[in-house]
Amino acid sequence: NIHGMFYQCNSLTSLDLSNFKTEKVTDMNFMFNGCKSLNSVNLCSFDFWNCEYLSYMFDSTPDGFSVKINEANYQILKNQLGASSILIDKDCPKR
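Everything in this summary refers to the structure shown in the same document. (Residues numbered from 1 in each chain as written. Predicted model: local features only at pLDDT ≥ 70, side-chain atom pairs only at ≥ 80, totals over all residues. Heavy atoms only, no water.)

## Concerning the side chain of S45
Take S45: it is sitting in the loop between β1 (40–42) and β2 (66–68). The buried category is assigned to S45, whose relative accessible area is 10%. Within the local environment of S45, its side chain forms a polar contact with the backbone oxygen of L17, the two atoms lying 3.0 Å apart. (Helix = DSSP H or I, 4+ residues; strand = E, 2+ residues; numbered from the N terminus. Buried < 20%, exposed > 50% of the residue type's maximum accessible area, 1.4 Å probe, protein only. Polar contact = N/O pair within 3.5 Å; in protein donor to acceptor, adjacent residues only side chain to side chain.)

As structure tokens, then:
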């Protein structure tokens, strides 16, 4: 469970999660919610297949916030990402 892990980390400006392992995580609700100074996040190493809770992950992030994500995870997260001003970069290295 990493629910709200970076919730409202207003002073956080950068974050490297390229080696983060999430294959057993089931709850990522509110993970980056309210990170108003964070401009981008690399989620290429994330595995969302077992995650049941992804609501409000990116709410209240700044305009132009960018997420680097692989195609498979984009398909899982597209409801969270699609209706917002989040920029999507699907250029992740193959695993």
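## Brief notes about the state of the cysteines
Covalent bonding between the sulfur atoms of two cysteines defines a disulfide. Enumeration according to the criterion identifies one disulfide in this entry. Each sulfur in the disulfide pair C44 and C92 lies 1.9 Å from the other. The sign of the S-S torsion, about -75 degrees, decides the handedness of the disulfide formed by C44 and C92: left-handed. A residue pair is termed long-range when its members are at least 10 positions apart, and C44 in the loop between β1 and β2 and C92 in the segment after β3 (87–89) qualify at 48 residues. (Disulfide = S-S within 2.5 Å.)

## Some remarks on the pattern of salt bridges
Here the structure, examined in full by the defined rule, presents one salt bridge. Of the charged contacts in the structure, one is a salt bridge between K90 and E71, with a shortest N-O distance of 3.3 Å. Residue K90 is found in the segment after β3, and its partner E71 is found in helix α1 (residues 71–82); the two are separated by 19 residues along the sequence. With relative accessibility at 41%, the residue K90 sits in the partly exposed group. (Salt bridge = Lys/Arg side-chain N within 4 Å of Asp/Glu carboxyl O.)

## A look at the nonpolar core
Burial of nonpolar side chains together is a common tendency in soluble globular proteins. The biggest cluster of nonpolar side chains holds 25 residues, and the ones touching the most others in it are M28, F32, V41, L43, F48, M57 and F58. In this structure, F32 is in contact with F6, L15, L17, L38, V41, L43, M57, F58, D59 and T61, ignoring residues within four places of it in sequence. (Core = buried A, V, L, I, M, F, W, Y, C linked by side-chain atoms within 4.5 Å. Contact = heavy atoms within 4.5 Å.)

No statement about biological role is implied by the geometric values presented.
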